[in-house]
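If you want the building blocks of each chain, they are given just below.
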Amino acid sequence: VYDLIPELFPEVYLLDPGLRRRYRARLELIRAADHVVTLSQSAADDLVDRLAVPASRVTVIGASVAAAFAPPTSRQRARHEAQRWVPGLEGRYLLYTGGVEPRKNLERFLTAYSLLPADVRARWQAVLVCRMDELQRHHYDWRASQLGISGRLLLPGFVPDNALVTLYQGADLFVFPSLYEGYGLPVAEALACGTPSIAADRSSLREILPAEARFDPTDPSAIASAMLGALTDPVQLARLVARVAAAGPTWDDVADRLVEVYERLAAARAPAWRRRPRYAFVTPLPPANTGVADYSFRLLTALAVHADADVFVDGGGGEPVDGRAPVGVDAWPVGALEAVERARGGFDAIVYCIGNSEYHTGALRWLRRRPGVVLAHDVRLTELYFHGAHRGAAPEGFAAALRGMYPDLPGDVGAGGHLLAEEAEAAGVLMAREVVHCAERFLTTSQFAADLASTDVDPAARAKIVVAPYAYPDVAPASDPPMEAVVATFGVVNEIKRSSVVVDAFADLAKDRPQLRLVFVGPVAVEERARLRAQAEARGIGPRVEITGPLEPAEYDRWLGSVTVAVQLRATSNGETSGAIADCLAHGVPTVVSDLGTASHLPDYGVVKVGPGINASALAAVLGDLLDDPDRR
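(A) How the structure looks around the sheet that holds strand S8 (residues 214-215). Overall, parallel pairing links the six strands, which are arranged S5-S4-S3-S6-S7-S8 in an open sheet. For this open sheet the edge positions go to strand S5 (153-154) and S8, each flanked by a neighbour on one side alone. Two strands pair when backbone bridges link them, and strand S3 (residues 93-97) and strand S6 (residues 173-176) are joined in this way by two bridges, in the parallel orientation. Across the sheet, Leu95 pairs through a bridge with Phe174, a residue of S6.

(B) Quick look at the packing of helix H5 (residues 75-85) against helix H9 (residues 161-170). Running from amino to carboxyl end, H5 crosses H9 at an angle of 135°, the nearest separation of the two axes being 8 Å. Classified by the angle their axes make, H5 and H9 are oblique. The interaxial crossing formed by H5 with H9 has left-handed handedness. Of the residues in H9, those in contact with Arg75, Ala78, Arg79, Glu81, Ala82 and Trp85 of H5 are Asn162, Ala163, Thr166, Leu167, Tyr168, Gln169 and Gly170. Of the residues belonging to the contact of H5 with H9, the class tally is six nonpolar, four polar and three charged.

(C) Spatial organisation of the pairing of strand S9 (residues 278-283). Here S9 lies mainly inside the structure; six of its six residues are buried. One ladder, built from six bridges, connects S9 with strand S10 (residues 308-313); its direction is parallel. Directly across from Tyr279, in S10, lies its bridge partner Ala309. Between the parallel elements S9 and S10, the chain passes through helix H15 (residues 291-303) in a crossover that is right-handed. Where S9 meets strand S12 (residues 349-354), four bridges bridge the pair, whose relative direction is parallel. Its bridge partner being in S12, Ala280 is matched across the sheet by Ile350.

(D) Seen up close, helix H8 (residues 134-147). The terminal C-alpha atoms of H8 lie 20 Å apart, and with 14 residues this matches the ideal 20 Å at 1.5 Å per residue to within 8%. Along H8, the positions that sit buried rather than exposed are Tyr140, Arg143 and Ala144. What you see down the axis of H8 is that its buried residues fit within an arc of 100°, all on one side. Exposed and facing more than 90 degrees away from the buried side of H8 are Glu134, Leu135 and His138. Buried positions along H8 lie against helix H6 (106-115) and S5. Backbone nitrogen of Leu135 and a side-chain oxygen of the N-cap are separated by 3.2 Å at the start of H8; the cap is Asp133. With its phi angle positive at about 80°, Gly148 sits one or two positions after the end of H8.

(E) Examining the pairing of strand S16 (residues 486-490) more closely. Of all the five residues making up S16, five are buried; the element is thus mostly covered by neighbouring parts of the structure. In S16, alternate side chains face the same way, and those of Val486, Ala488 and Phe490 on one face and Val487 and Thr489 on the other are all buried. Note that S16 and strand S17 (residues 517-521) share five bridges and pair parallel. When the sheet's bridge partners are listed, Val486 is paired in S17 with Arg517. As judged from the two bridges shared by S16 and strand S19 (residues 565-568), these two strands associate in the parallel manner. Residue Ala488 lies in a different strand from S19, and its bridge partner there is Ala566.

(F) Spatial organisation of the packing of aromatic side chains. In total, this model carries 10 aromatic pairs according to the counting rule given. Plain terms: the ring middles of Phe490 and Tyr556 are 5.7 Å apart, the flat faces sit at 80° to each other, and that makes the pair edge-to-face. Taken together, the residues Phe490 in strand S16 and Tyr556 in helix H26 (residues 553-560) connect sequence positions 66 residues apart. The two residues Phe490 and Tyr556 agree in class, both being buried. A cation sits over an aromatic face here: Arg558 above Trp559, 5.1 Å from the ring centre.

(G) Geometry of the pattern of salt bridges. Summed over the entire model, instances satisfying the criterion amount to 31 salt bridges. Ionic pairing is found between Arg276 and Asp308, a salt bridge with its closest N-O pair at 3.1 Å. Pair noted here: Arg276 is in the loop between helix H14 (251-268) and S9 and Asp308 is in strand S10, with a separation of 32 residues, a long-range link. Judged by its relative accessible area of 27%, Asp308 is partly exposed. Its salt-bridge partner being Arg558, residue Glu555 comes within 3.1 Å of it at the nearest N-O pair. Residue Glu555 and its partner Arg558 are both found in helix H26; the two are separated by three residues, about one turn of the helix.

(H) A look at the state of the cysteines. For the structure on display, the rule yields zero disulfides. Unpaired in this structure, Cys130 has its nearest cysteine sulfur neighbour in Cys193, at a distance of 18 Å. Here Cys130 falls in the buried class, since its relative accessible area comes to 3%. A relative accessible area of 0% means that Cys193 is categorised as buried.

Cut-offs used in this document
- Residues numbered from 1 in each chain as written.
- Predicted model: local features only at pLDDT ≥ 70, side-chain atom pairs only at ≥ 80, totals over all residues.
- Heavy atoms only, no water.
- Pairing = 2+ DSSP bridges.
- Helix = DSSP H or I, 4+ residues; strand = E, 2+ residues; numbered from the N terminus.
- Axes fitted to C-alpha atoms, helices over the stretch in contact; angles between N-to-C directions.
- Parallel < 35°, antiparallel > 145°, perpendicular 65-115°, else oblique.
- Left-handed = near helix turned anticlockwise from the far one by under 90°.
- Contact = heavy atoms within 4.5 Å.
- Nonpolar A, V, L, I, M, F, W, Y, C, P; charged D, E, K, R; others polar.
- Buried < 20%, exposed > 50% of the residue type's maximum accessible area, 1.4 Å probe, protein only.
- Right-handed = clockwise from strand over helix to strand, strands pointing away.
- Expected span 1.5 Å × (residues − 1).
- Arc of directions from axis to C-beta.
- Polar contact = N/O pair within 3.5 Å; in protein donor to acceptor, adjacent residues only side chain to side chain.
- Phe/Tyr/Trp six-rings, centres within 6.5 Å; stacked < 30°, edge-to-face > 60°.
- Lys NZ or Arg CZ within 6 Å of the ring centre and 35° of its normal.
- Salt bridge = Lys/Arg side-chain N within 4 Å of Asp/Glu carboxyl O.
- Disulfide = S-S within 2.5 Å.

Here it is, written out as structure tokens:
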């Protein structure tokens, strides 16, 4: 609703009975609407007062101006350009733009201009820019003659937009005496062009201009006084110029407010025909080489008791990714979310699984467009944005995304398009703040992760951060101890897990334990496998070190049941809860962990904690003590 002006002034706009019936029938559309948006608080108040629309069903989204309305590089140059468009335009002028009708109050404006001192009128021409027919032009010429201002009033009629911009930019003062407005776009345009402005102390104009820039529009002497002060009083002019400097809303601001209304309505109204809630779940699924895929599979299985799901399989690249969903859950490519949503009649919720890897760039891409609930498996997301920059989720590039979140960072940080984990930690960079901002709720798997995420956002956003504790697997049946001692590390194999230190520690242990074996159980890159093989050969333990690569779930579980001691180290924490540690504990495996992040909160009776910077000889001593003490294990 732009305004209710015809209803407020029926003696002007609704004299015709047929027009009156049609207009008031349309008002019933407003009363019946689920929600109403308006351009100003004044219009919103009219809806509540005149139509009895509950205030809870009205939202002010505001308005903005076209990008062309901007301050000039030179006001003098703008005046010269305006003079090319408008014959008779002088070098100094005050301006009105709008319509010709009684509500615009032009009669009092002309009277007020005639009350200005003669020397002021001689310095500033009055220019009324508006479409008018010959009869209207004749009336204003006659009225100017009556008031003695014929030679000081210019009536250019309608001008195109590019001429209008230069007229605003070149004016010394914009005057808007309208008795009532739904928004007051001409005032907003003038301010956007850097022009000092005054207007009537009425309706929505009170929301655009402060009290010192407003006047009583029913009193020509009050209008004249306001014009005189703005043109000749340096103090008053300085106040008006200060108001010009205040940035108004952008169209992005207006669009964001409107989207919030749509999202609120969509969330509040599930289709009446739907018996159970239905949600979208964006996540990698098995056989993807990430613990999030397995976790999501188990979570989707548990949630099936409560709601129906469509899962959108994330994998990072542009091509469709295969994924194994639980029975009864439909799986789709991540790019199909919007099409499936239309076919389903909307979702009651959208859940995005977010982690610090290439497996979540689809979720990031959608989250930037569509708010939803985020289930965060990591809260340091530098790798996500690195991969997102190469896969369309962050098309502005890694460095631009980083600078957008941390404008005060030194220029060399991340300039190369990447940040190593230790560099990000040293710089205090998480890159979680955009995801938290876009999320309706940001669920973390531990209090540690929630506290860490809170350091990256402003206080208002912290309320979104909620702990949804990591769900540990069911306890596995006890198995017979293995015939030979096995030290193993589980999960993705990389240097963040301090794999080199594990190999060197095992080499120290192996000297006195000829039956001991070391196994890396989990996915590994070709380069990492070759590096670890070379390291083991160099230490003389090559035949006793096994690297399995990715395994089927049954084979992975077989290894969990065959291990004497597990070692799960990390050099840095991204706020994750380790699925590999959870698997070890569920299988009753004595586990050595880095005293870091979420793992530092595990009970001392369940794990052995070592410093994140532990060296190989110290780790060998810890593992040796466990291997030699079956009662402690």
